[in-house]
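# Breakdown of the fold
Below are the chains, spelled out letter by letter.
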Amino acid sequence: MKRILTYPIQKDAAGWSILRFLKEKHYSRSVIIQLKKTKNGIQINHEWAYVNHILKEGELLTIELAEPEDAQKISPAALPICVVYEDEDLLVIHKPANMPIHPSIGHDKNTLANAVAYHAVQRQESYPYRCINRLDKDTSGLTIVAKNSYSSCLLYEQMRERNIQRTYYAIVQGTTPETGTVCAPIARQKNTIIARTVSADGEPAVTHFQTLAVKDGLSFVKLWLDTGRTHQIRVHMCHIGHPLIGDFLYNPKDSRMKRQALHAGNLTFTHPVTGQALTFHAPLPKDMLQFFQMVIS
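A short tour of the structure in this document, coming up. (Residues numbered from 1 in each chain as written. Predicted model: local features only at pLDDT ≥ 70, side-chain atom pairs only at ≥ 80, totals over all residues. Heavy atoms only, no water.)

### Concerning the overall build of the chain
- Along the backbone of the chain there are six helices and 16 strands.
- Dimensions of the chain, computed from the C-alpha atoms along their principal axes, are close to 70 × 40 × 40 Å.
- Residues counted as buried form 51% of the 297 residues belonging to the chain.
- Pairs at least 24 apart in sequence give 65% of the contacts found in the chain among residues at least 6 apart.
- Accessible area of the chain: about 15,000 Å², with a carbon and sulfur share of 51%. (Helix = DSSP H or I, 4+ residues; strand = E, 2+ residues; numbered from the N terminus. Buried < 20%, exposed > 50% of the residue type's maximum accessible area, 1.4 Å probe, protein only. Contact = heavy atoms within 4.5 Å. Areas by Shrake-Rupley, 256 points an atom, 1.4 Å probe, with all protein chains shown as cover.)

Listed below in structure tokens is the structure:
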């Protein structure tokens, strides 16, 4: 798959090298190296150019991002996914519950990666699978997949700088306070590679929540994070005595749902290429609606 980007050189960039221009546009070192190795990856007025070329006002810089022919190494599988948004640079997908993000032992054909590979084949495209914001297998909701190396590096930068805003919704046991913040470090539990716990020697983690409704001994809460630790919401809500229902790992005695009641419902970020502000909403799935008939926005 090839992505072509063009930049008419304006007066303020005249005198810069192409390398400086690309760095100003937040092309990463690895992407620049890829461009240098790609035939016609960097062009001035449709002629191949070195990155040390000094730009002149009125020139046209063309960047060709080309993935290798064998870029997609994940087996396609016709799995149901809901593509909420798609363009040349990214997809936003509403992932169902019970679908892992990445292939692993025991899950090599039923993942979001397999579904995206199939979707790409249907569109006669091919690109490596680059999932930006990962969700647990049994967490439903919105996730971003980058379709080229440039959009990927910019989206990962947004993630690192906490500029991708995500709102989650959960159903937890008990009556939660109207609002609250959990500030408790999270570490891996001893003798397991999966479970996490609050621990003084863990990584810093901060979770904010707001109670939207209370019914039959359950609370429906909206949550947003300052950090992105593994299982953060599940661990933090369990830590304050309000574990998620259906959570086999942190609330194993509860069987009211077949998975943890957690949904990534809202997603806001800046388009990595156009700079446009993008906001998406994913409605609550049926298994959570049976407890709370709530509309998220």
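### Observations concerning helix H5 (residues 232-239)
- Burial analysis of H5 places six of its eight residues in the buried class, which makes it a mostly covered element.
- Looking only at H5, the buried set comprises Gln232, Ile233, Arg234, Val235, His236 and Met237.
- Two residues or fewer after H5 comes Gly241, characterised by a positive phi angle close to 90 degrees.

### As for the packing of aromatic side chains
- Under the criterion given, the structure shown has eight aromatic pairs.
- With 5.3 Å between their ring centres and 70 degrees between their planes, Tyr7 and Phe21 make a pair best called edge-to-face. Placement of the pair is Tyr7 in strand S1 (residues 2-8) and Phe21 in helix H1 (residues 18-24), with a sequence separation of 14 residues. You'll find Tyr7 and Phe21 in the same group, each marked buried.
- Between Tyr169 and Phe220, the ring centres sit 5.9 Å apart and the planes meet at 15 degrees, which makes this aromatic pair stacked. Of this pair, Tyr169 sits in strand S9 (residues 165-173) while Phe220 sits in strand S14 (residues 218-225), placing them 51 residues apart in sequence. Neither residue differs from the other here; Tyr169 and Phe220 are each classed as buried.
- Taken together through their ring pairs, the aromatic side chains of Tyr7, Trp16 and Phe21 make up a single cluster. (Phe/Tyr/Trp six-rings, centres within 6.5 Å; stacked < 30°, edge-to-face > 60°.)

### Some remarks on helix H2 (residues 29-37)
- Listed in full, the buried residues belonging to H2 are Val31, Ile32 and Leu35. Axial view of H2: buried residues confined to an arc of 100 degrees, hence all on one face. Exposed and oriented more than 90 degrees from the buried face of H2 are Arg29, Ser30 and Lys37.
- Next to the buried residues of H2 lie H1, strand S2 (42-44), strand S4 (60-66) and helix H4 (149-160). (Arc of directions from axis to C-beta.)

### Some words on the side chain of His119
- Take His119: it is sitting in helix H3 (residues 112-122).
- Overall, His119 belongs to the buried group, its relative accessible area being 18%.
- Setting aside residues no more than four positions away along its own chain, His119 makes contact with Val83, Glu86, Leu91 and Tyr127.

### Some details on the pairing of strand S13 (residues 206-215)
- Sheet topology places strand S10 (residues 179-183) next to S13; five bridges connect them, and they run antiparallel. Counted as the bridge partner of Val182 is Thr207 from S13.
- Taken together, the eight bridges between S13 and S14 define a ladder with antiparallel strand orientation. Each bridged residue has a counterpart across the sheet, and for His208 the counterpart in S14 is Trp224.
- A loop of two residues connects S13 with S14, the two strands running antiparallel in sequence, and Asp216 in this loop sits at a positive phi of about 50 degrees. (Pairing = 2+ DSSP bridges.)

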